[in-house]
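Each chain is listed here by its residues.
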Amino acid sequence: MSSGAGKTVCVTGASGYIASWLVKQLLLSGYTVKASVRDPNDPRKTQHLLGLEGAESRLKLFKADLLEQGSFDSVVEDCVGAFHTASPVYHRVLNPQAELLDPAVKGTLNVLSSCAKTPSVKRVVLTSSIATVAYNGKPRTPDVVVDENWFSDPDYCKGLKLWYTVSKTMAEDSAWKFSKEKGIDMVAINPAMVIGPLLQPTLNTSAAAILKLIKGAETFPNATFGWVNVKDVATAHIQAFEIPSASGRYCLVERVVHHSEIVKILHHLYPSLQLPQKGRKMSSGVGKTVCVTGASGFIASWLVKQLLLRGYTVKASVRDPNDPRKTQHLLGLEGAESRLKLFKADLLEQGSFDSVVEGCVGVFHTASPFYHDVLDPEAELLDPAVKGTLNVLSSCAKTPSVKRVVLTSSIAAVAYNGKPRTPDVVVDENWFSDPDYCKGLKLWYTVSKTMAEDSAWKFSKEKGIDMVAINPAMVIGPLLQPTLNTSAAAILNLIKGAETFPNATFGWVNVKDVATAHIQAFEIPSASGRYCLVERVVHYSEIVNILHHLYPSLHLPQKCAGDKPYVPTYQVSKEKAKSLGIEFIPLDVSLKETVESLKEKGFVHLSSLY
């Protein structure tokens, strides 16, 4: 441990969790350490550092402010290496710019500016985060391997209000650009959730997450993170400084696990500890059985996924249980092995759903064909939609265990009735599409959804079935199924060389929000009637604009089909949706997730996106 004898290095934000361990290990390695803290007179920030082995003769404390230019000049002076760890870590902020972005980005550039003025500095090691790596809308599933070539997308993260992630991503990006410009040799360390023993007397964010679990929390978060020990992180910083060939970024993750696994490990270590038994908002289904019709579809697959995560046992109907394209993605879901049961059922066969519905407390009827080019509307759309819905409801009416049915309807059953739809018009759940009007326009899918929902309301009222309808607009977002669904195909068409975009205006919504709304509509006792789900209504020209912003080099259509004026936008009320607790994922995030998913599924090739 004598590699540092006779050498001086500096550590910024030295009183922090990682930095305290870094100072400790540097001192043990023989280095002289110049450590910056915000207030050298605060014993909570300095006492644990001053008590370290070697500190008396080789630790020098300096006051420095991330936002004060030149503040780090005296800290960096005469150092051969600089470890920049100073950056705030918290997730609930009122003013992201002042609380996170400025200290992270401006602070990093201030430290690097001091390094650029100091010829003795041979290398800078930046404490970054896995937050700068893994948040970009790409699917993250058990078979996906995240590595140092991944970069988080700050716009995507802003859309989700992940301000800490934005701050770290922008700080690291700024650091690489500045280092390249100034010829600074920099290495970045990107750890996941850092846990392990605390040297400092104050509680840091990651330790607080564990403390909460062991101090009587009723639920654990429905979140999956990478985890790594603080001692490994400190060691990696020093190795990245000392090994001449070290370069670029280094992800540090011992294992990626869901919080439920953290709870299991804690229970194994401390069997008598009172630990949360259930996931936050995710335990509602334990011991309950529900069924999902048309389970291999786009929305239904996400619904099955979320139901399994909430602990439900799911009886899922598919047309052909032996077709791996319809079932493999379902069977691979978390919880599927023990709690997913597949059934063969035919929408047009009376009684076909009796065995699926049997023993269920809830039924989610999503099965209904969704395509626009039809030769025989009656056979291809109307019969499966209307007769199929009545067949499922008939099975429900015969099954006393069923407490509620949630019907997957559509905004198509709401907004098409000949009324003007202009920017000042607000469509809501009291609107109903007119099937005769839609037949006249040959909008057969719209006719099928309108007639199916209308029949369902009449039948439910007659039979005393408690039914709720979910009416989403164009549903996009990541695909779980391997096949291409209609709404994703619309986006694929735009990014695969279409010469024109449609002169059409639609509402858009993320599939994850739609799945969540279905479950909330089942679980919330007061839920009733219909729920329109629309994050935003935009013309296709705006979809193209957003895609261009997300993927500037992508070849996208420049002009609209036809020469008529753009179909106007309109509004859709979000009031009822909010009562289900839905906070809509922004459209640009949904589009990014869709494109990344299409790429991951092989529908579009990487080279055409960048």
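The structure presented is a predicted model; accordingly, all values stated were derived computationally and were not measured.

### Topic: the overall build of the chain
Consideration 1: Across its full length, the chain carries 22 helices and 26 strands.
Consideration 2: The principal-axis extent of the C-alpha atoms belonging to the chain is close to 85 × 65 × 40 Å.
Consideration 3: Expressed as a percentage of its 610 residues, the buried residues of the chain come to 54%.
Consideration 4: Counted over contacts in the chain with a minimum sequence separation of 6, partners at least 24 positions apart contribute 78%.
Consideration 5: Carbon and sulfur atoms make up 53% of the accessible area of the chain, which totals about 27,700 Å².
Consideration 6: The chain carries 65 positive and 59 negative side-chain charges, and their two centres are separated by 3 Å.

### Let's talk about the pairing of strand S16 (residues 362-365)
Consideration 1: Judged by which residues are buried, S16 turns out to be covered on both faces: Gly362 and Phe364 on one side and Val363 and His365 on the other are all buried.
Consideration 2: Across four bridges, S16 lies against strand S17 (residues 404-408) in parallel orientation. Bridge pairing in S17 links histidine 365 to leucine 407.

### A look at the domain arrangement of the chain
Consideration 1: Looking at the assigned domains, one finds that the chain contains domain 1 (8-196 + 228-255) and domain 2 (289-475 + 507-535 + 570-585).
Consideration 2: Centre-to-centre, using C-alpha coordinates, domain 1 lies 49 Å away from domain 2.

### A short note on the sheet that holds strand S20 (residues 474-476)
Consideration 1: Strand order across the open sheet formed by three strands is S20-S22-S24, with mixed pairing between neighbours. Only two strands of the sheet have a single neighbouring strand rather than two, namely S20 and strand S24 (536-539). Looking at each pair of strands side by side, their axes are set apart by 40° on average, direction ignored.
Consideration 2: Here S20 runs beside strand S22 (residues 505-510); their pairing, made up of three bridges, is parallel. Along S22, the bridge assignment pairs methionine 474 with tryptophan 508.

### Notes on the pattern of salt bridges
Opposite charge on two side chains permits them to pair, given that their charged atoms come into close proximity.
Consideration 1: Scanning the model with the defined rule gives 19 salt bridges in all.
Consideration 2: As a salt-bridge pair, arginine 310 and glutamate 523 come within 3.0 Å of each other at their nearest N and O atoms. Placement of arginine 310 in the loop between helix H11 (298-309) and strand S14 (313-318) and of glutamate 523 in helix H19 (residues 511-523) is noted, with a sequence separation of 213 residues between them.
Consideration 3: Residue class for arginine 310 comes out buried when judged on its relative accessible area of 6%.
Consideration 4: A residue is classified by how much of its surface remains accessible, and glutamate 523, at 24% relative accessible area, is partly exposed.
Consideration 5: Of the charged contacts in the structure, one is a salt bridge between arginine 404 and aspartate 466, with a shortest N-O distance of 3.1 Å.

### Considering the side chain of serine 448
Consideration 1: Assignment of secondary structure puts serine 448 in helix H17 (residues 444-463).
Consideration 2: Its relative accessible area of 0% is what places serine 448 among the buried residues.

### Some points on empty space enclosed by the protein
The method is simple in principle: a probe with the dimensions of a water molecule rolls over the atoms, and the space it marks as empty is what remains.
Consideration 1: For the structure on display, the rule yields three cavities of 30 Å³ or more.
Consideration 2: There is about 80 Å³ of room inside the largest cavity.
Consideration 3: As for the largest cavity, its lining consists of His84, Thr85, Ala86, Ser87, Ala104, Thr108, Leu126, Thr127, Ser128, Lys168, Ala171 and Glu172.
Consideration 4: Counting residues per element, the ones that place at least two in the lining of the largest cavity are helix H5 (96-116), strand S5 (123-127) and helix H7 (163-182).
Consideration 5: Counting residues per element, the lining of the largest cavity draws most heavily on H7, at three residues.
Consideration 6: A per-class count over the lining of the largest cavity returns four nonpolar, six polar and two charged.
Consideration 7: Of all the secondary structure elements, the ones that give two or more residues to the lining of the second largest cavity are helix H15 (377-397), S17 and H17.

About the cut-offs
Residues numbered from 1 in each chain as written. Predicted model: local features only at pLDDT ≥ 70, side-chain atom pairs only at ≥ 80, totals over all residues. Heavy atoms only, no water. Helix = DSSP H or I, 4+ residues; strand = E, 2+ residues; numbered from the N terminus. Buried < 20%, exposed > 50% of the residue type's maximum accessible area, 1.4 Å probe, protein only. Contact = heavy atoms within 4.5 Å. Areas by Shrake-Rupley, 256 points an atom, 1.4 Å probe, with all protein chains shown as cover. Lys, Arg positive; Asp, Glu negative; His and termini not counted. Charge placed at Lys NZ, Arg CZ, Asp CG, Glu CD. Pairing = 2+ DSSP bridges. Domains from an automatic or database assignment. Axes fitted to C-alpha atoms, helices over the stretch in contact; angles between N-to-C directions. Salt bridge = Lys/Arg side-chain N within 4 Å of Asp/Glu carboxyl O. 1 Å grid on protein atoms, 1.4 Å probe; cavity = no way out; pocket = protein on both sides within 12 Å on 5 of 7 lines; lining within 4 Å. Points joined across faces, edges and corners; volume = space filled by probe spheres on them. Nonpolar A, V, L, I, M, F, W, Y, C, P; charged D, E, K, R; others polar.

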